[in-house]
Amino acid sequence: MDNNTYEGGKLMLEHGNITSKLKQVMNNIREATDGKVSIHGQPYATVGLRVKCLRQVLGSLITIKSEMINVNEKSVTFKSYVYLNDIGFHEGQILLSEGYAHKSFEDVKPFLKPSIIEFCQTSSVGRALGFLGLIGDTEAIPSAEEMLLGGATIDANTITSNKQSGKKGKGGEDAFAN
């Protein structure tokens, strides 16, 4: 028997309700020193950081699904969903959030065109997480990746990563270099 129960209509997890767990995820994102970039002077959490913090707190209780809604020679559209795997009362999944992303090939920087499907999917996941309240240090829904796809550039010397490789952002083009 699992330790998840319903109390007053709220799913109670082993160590608290889902709201308190999501607040813990939000705090972890805000306190993170890696996985953020500065765009126009504002720190933006990457989708990778948001997912990492979500998994650290809720682990396999969360499922993230994406579907490609449309792809053609002009654009691509994704829709992503964030579910709580309800292993208690309903024994199913509870939809927590969803997000869309649409990218036009003509509006994307040339170096991103070969990866537009992956970036569009990442953007839709980021929007779903943003609508769930997992947004980082700003009140903005877009992730760092989405801001870059929209034409923003990274402020110099602001990329943080676990590797601390010494690479610096210059105009956004090396933002995701290894």
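It should be noted that the structure appears before, not after, this text.
Values in this document were obtained by computation on a predicted structure and should not be read as measured data. (Residues numbered from 1 in each chain as written. Predicted model: local features only at pLDDT ≥ 70, side-chain atom pairs only at ≥ 80, totals over all residues. Heavy atoms only, no water.)

Focus: the overall build of the protein
- Within the protein, the regular secondary structure consists of four helices and eight strands.
- Beginning at the N terminus, the succession of helices and strands in the protein can be written as β-β-β-α-β-β-α-β-β-β-α-α.
- Per-residue burial for the protein yields a buried fraction of 43% across its 178 residues.
- In the protein, the share of contacts with a sequence separation of at least 24, taken over all contacts with a separation of at least 6, comes to 56%. (Helix = DSSP H or I, 4+ residues; strand = E, 2+ residues; numbered from the N terminus. Buried < 20%, exposed > 50% of the residue type's maximum accessible area, 1.4 Å probe, protein only. Contact = heavy atoms within 4.5 Å.)

Observations concerning the packing of helix 2 (residues 47-58) against helix 3 (residues 116-131)
- At a closest axis distance of 9 Å, the pairing of helix 2 and helix 3 adopts a crossing angle of 50°. Classified by the angle between their axes, helix 2 and helix 3 sit oblique to one another. The crossing of helix 2 and helix 3 is left-handed. Contact residues: helix 2 offers Val-47, Arg-50, Val-51 and Leu-54, while helix 3 offers Thr-122, Val-125, Gly-126, Leu-129 and Gly-130.
- Within the contact of helix 2 with helix 3, the residues separate by chemical class into five nonpolar, three polar and one charged. (Axes fitted to C-alpha atoms, helices over the stretch in contact; angles between N-to-C directions. Parallel < 35°, antiparallel > 145°, perpendicular 65-115°, else oblique. Left-handed = near helix turned anticlockwise from the far one by under 90°. Nonpolar A, V, L, I, M, F, W, Y, C, P; charged D, E, K, R; others polar.)

Structural notes on helix 3
- Helix length check: helix 3, at 16 residues, gives a terminal C-alpha distance of 22 Å against a target of 22 Å (1.5 Å per residue), a fit within 8%.
- If you check which residues of helix 3 are buried, you get Ile-116, Phe-119, Cys-120, Ser-123, Ser-124, Val-125, Gly-126, Ala-128, Leu-129 and Gly-130.
- Positive phi shows up at Gly-133, right after helix 3, with a value of about 100°. (Expected span 1.5 Å × (residues − 1).)

Things to note about the nonpolar core
- In this structure, Val-25, Ile-29, Leu-54, Leu-58, Leu-129 and Leu-134 are the most contacted members of the largest nonpolar core, which totals 20 residues.
- Taken together, the elements giving at least two residues each to this core come down to helix 1 (18-31), helix 2, strand 7 (75-86) and helix 3.
- With six residues, the single largest contributor to this core is helix 2.
- When near neighbours in sequence (up to four residues on either side) are disregarded, Leu-129 contacts Val-47, Arg-50, Val-51, Leu-54, Val-82 and Leu-134.
- Among the nonpolar cores identified, the runner-up in size contains eight residues, and Phe-78, Val-108, Leu-112 and Cys-120 belong to it. (Core = buried A, V, L, I, M, F, W, Y, C linked by side-chain atoms within 4.5 Å.)

Things to note about the sheet that holds strand 6 (residues 62-71)
- With antiparallel pairing, three strands are arranged side by side in an open sheet as 6-7-8. Of all strands in the sheet, those with a lone pairing partner are strand 6 and strand 8 (92-104), marking the two edges. For this sheet the average axis-to-axis angle between neighbouring strands, irrespective of direction, equals 20°. (Pairing = 2+ DSSP bridges.)

Structural notes on the packing of helix 1 against helix 2
- Taken N-terminus to C-terminus, the directions of helix 1 and helix 2 make an angle of 135°; their axes are 9 Å apart at the nearest point. With respect to helix 2, the axis of helix 1 lies oblique. The handedness of the crossing between helix 1 and helix 2 comes out as right-handed. The segment helix 1 lies against helix 2, with Ile-18, Lys-21, Leu-22, Gln-24, Val-25, Asn-28 and Ile-29 engaging Leu-49, Arg-50, Cys-53, Leu-54, Val-57 and Leu-58.
- Across the contact of helix 1 with helix 2, the residue classes tally to nine nonpolar, two polar and two charged.

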